[in-house]
Amino acid sequence: MKIAVAYKWAPNPQDASVSGSGAVDWSRAKPAISEYDQVAITVGRGLADALGAELVGISVGTSETGSSMARKAALSRGLDRLAIVTDDDWAGADAGRTARVLAQVVEQVGEVGLVLTGDSSVDLGAQLVGAVLGAELGWPVVTNVTSVAGAAGELTVSRSREGGTQSLRVTGPVVLSVAPDAAIPTVPGMKDILAAGKKPTDVVEAAVPPPGSVEVLSTAPPTLKARKTLVIDGSDPAAAAAELVAALRADTVI
Amino acid sequence: MSSTYILVADDARIGDLLTMASGSTTTAVVVGRREVADRVAAGGVDSVIWLGAPAADVPLEAYGPAVAQVVAEAAPDLVLAATRPADRVLAGAVVAATGAQVFTMVRSVTVSDGSVELGRDVFGGIAQEVVRVTGPVVLVVDGGPDVTAGSAVEVTERAAEVRPGVTVVEEQPAERAAVDLTRAPRIVTAGRGVKSRDDLALVDALAAALGAESACSRPLAEGLGWYTHDRYVGVTGQHVQPELYVAVGVSGQLQHVVGARGAGTVVAINADKDCPYFAEADYCVVGDLYALVPALTEALS
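Keep in mind the model is a prediction, meaning the values are calculated, not measured.

Would you take a moment to explain the overall build of chain A for this structure?
When helices and strands are tallied, chain A shows six helices and 15 strands. Oriented by its inertia axes, the alpha-carbon framework of chain A measures out at about 65 × 40 × 40 Å. Relative to its 254 residues, chain A shows a buried fraction of 46%. Long-range contacts, defined here as pairs at least 24 residues apart, represent 73% of the contacts in chain A between residues at least 6 apart.

Listed below in structure tokens is the structure:
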């Protein structure tokens, strides 16, 4: 059996700048392996070692996803090899389109019995790729997975839910979206980074679905409430506390 | 009139979805218990399709293909689902079956002749846009409050096949009941400035003095595990709108602030006078939280 881990090479919106008209400038935001995908890779590595499975990183993105830096960043985190699709018109793809391409990658890799995804991507945060991917493959999907154990074809999966935790038995191929705290990602060392350069990457040919019909009518910076931004000096804590309480009472908030 | 399908996974907290669907003919597709279907039927939809009582060992997600089939046959203009885990899996099945485009963080929707106009936040809330989308559309957004009971429509039961492969072996209830922060009038949130788990007692004491719920920023829930996920405020956590929001030792990373932008009055307590949160707070208290929080608790009691 092979285990596939979906990952995204994406920048953090925190580092992007937004103009007064709402245009997003990504030039100063450096892409990285999206942080929750790092959790999925770590979970995958542990499971692949336990099951003697090969761990394949799968991704779709622009040619940047195929760059040496992006490949090494992914492979140094413990993946055995990569199978990726690159398409220069890819930017802006939604979760559905991403999942449709990833499903083809899973089919082409072959013998995949388990696909892991992170909770959500750092840039879009939709929390939906795993759900659509499972449906495209015709496999069940379990989200918020906190642990996975067992053997190929008979996995025991724990997942957290609003009312507590649930233990599930999985007896076939499955897509598991791991919870953000399912594992603490390891930081790759120099040895991992050097080893990453020797691991293979397959660039997969896939039928990339055309982008959907979305016409942007307007963009704007976020609407923020006007805030007072009154600074209270806390060097005298009792005085600062009294000042704050008085202000909140004057505002009839408390 | 346009038609909207609302996907419901055993949870009638779909009040905001109903608001979003107003002006449209609404059908709820309910997976889970009959009582949830009945509740939704009395909550203001035009019709309800219930896929039957699930066996105890069948997870709600196993109904994905059946839900997708119902929606694909009806081909509605719009499909809505809440951001809850099982609801998202049902939405994913619909996206796969219909080829619909899927959007999140949507604030407003207008369905008109063959297209849907959406106002939404993009990239975790750094900007917003208005888009016109042609073709089927699925929106996954906050479900909102429980429906309010009114006159009920009929519940149509439809037999559904469930996807095999996953069975529930054991349920373990949470030690504490989950809190619904989205309805809390006051919230005190602890951030990375709190150095150890024991120190949360300071924050909890302030919350108690204010009659507020305790909450946290992401690292305290997801790396440190000091709080459960239902108390984490942020872009991938809870989106809250209390009258008073007190952020204790939270620097104000966008990831967090987006989850609390709906707050009435914001107080930020931080040692760093240049922390980003002070740009989006009403009261910016600069100093050591270990001295300020007890002083504030004292001043309130």
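Could you clarify how one ought to interpret the domain arrangement of chain B in this entry?
For interface size, the figure often reported is the accessible area lost on association. All names here are of chain B. As assigned here, chain B comprises domain 1 (3–157) and domain 2 (181–300). Placing the centre of domain 1 and that of domain 2 at their C-alpha centroids yields a distance of 32 Å. Between domain 1 and domain 2, the contact holds five residues from the first and six residues from the second. Looking at side-chain class alone, the side of domain 1 that touches domain 2 contains two nonpolar, two polar and one charged residues.

Explanation requested: the nonpolar core in the structure shown.
What tends to happen in soluble globular proteins is that the nonpolar side chains get buried as a cluster. All names here are of chain B. Ranked by size, the top nonpolar core spans 127 residues in total, and within it Leu 7, Val 8, Val 40, Val 67, Leu 90, Ala 91 and Val 94 carry the most contacts. It is helix H4 (residues 85–98) that contributes the most residues to this core, nine residues altogether. Ignoring sequence-local partners within four residues, the contact set of Val 67 consists of Leu 7, Val 29, Val 31, Leu 90, Ala 93 and Val 94. Listed in part, the 56 residues of the second largest apolar core include Leu 181, Ala 184, Leu 244 and Val 246.

Explanation requested: the confidence of the model for chain B in the structure shown.
The predicted coordinates should not be examined in detail at positions where pLDDT is low. Chain-level pLDDT for chain B is 95 on average; 100% of the residues reach the 70-or-more range. Taken over the whole predicted complex, pTM reads 0.93, whereas the ipTM for its chain interfaces reads 0.94.

Looking at this structure, I do not really get helix H8 (residues 289–300) of chain B. What am I missing?
An α-helical segment advances 3.6 residues per turn. Residues three or four places apart therefore align on the same side. With twelve residues, H8(B) ought to run about 16 Å at 1.5 Å a step, and its terminal C-alpha atoms sit 16 Å apart, in line with that. Inspection of H8(B) places Leu289(B), Leu292(B), Val293(B), Ala295(B) and Leu296(B) among the buried residues, and these make up the whole buried set. For H8(B), the angular spread of the buried residues around the axis is 165 degrees, confining them to a single face. Looking at the buried side of H8(B), the elements it contacts are helix H6 (237–250) of chain A together with helix H5 (200–210), strand S14 (244–248), strand S15 (265–270) and strand S16 (283–286) of chain B.

I'm lost on the sheet that holds S14(B) in this one. Help?
Strand pairs in the sheet, formed through backbone hydrogen bonds, run parallel or antiparallel to each other. A sheet is described by the order of its strands in space; here six strands give the open sequence S15(A)-S16(B)-S15(B)-S14(B)-S12(B)-S13(B), paired in parallel fashion. The outermost strands of the open sheet, each flanked by one partner alone, are strand S15 (230–233) of chain A together with strand S13 (213–216) of chain B. Strand-to-strand twist in this sheet, taken as the mean axis angle between neighbours without regard to direction, amounts to 20 degrees. Taken together, the five bridges between S14(B) and S15(B) define a ladder with parallel strand orientation. Bridged to Val246(B) within S15(B) is Val267(B). The sheet strands contacting H8(B) are S14, S15 and S16 of chain B, and the helix crosses S15(B) at an angle near 135 degrees.

Is there a simple way to think about H5(B) in this case?
Residue and element names in this part refer to chain B. Residues of H5 that are buried include every one of Val 203, Leu 206, Ala 207 and Leu 210, and no others. Within H5, the buried residues cover an arc of 100 degrees as seen down the axis, which keeps them to one side. Looking at the buried side of H5, the elements it contacts are strand S12 (186–190), S13, S14 and H8. Positive phi appears at Gly 211, one or two residues downstream of H5, with a value of about 65 degrees.

Parameters and conventions
Residues numbered from 1 in each chain as written. Chains lettered and ligands numbered in written order. Predicted model: local features only at pLDDT ≥ 70, side-chain atom pairs only at ≥ 80, totals over all residues. Helix = DSSP H or I, 4+ residues; strand = E, 2+ residues; numbered from the N terminus. Buried ≥ 20, exposed ≤ 12 C-beta atoms within 10 Å, placed from the backbone. Contact = placed C-beta atoms within 7 Å. Domains from an automatic or database assignment. Nonpolar A, V, L, I, M, F, W, Y, C, P; charged D, E, K, R; others polar. Core = buried A, V, L, I, M, F, W, Y, C linked by C-beta atoms within 7 Å. pLDDT = per-residue confidence, 0-100. Expected span 1.5 Å × (residues − 1). Arc of directions from axis to C-beta. Pairing = 2+ DSSP bridges. Axes fitted to C-alpha atoms, helices over the stretch in contact; angles between N-to-C directions.

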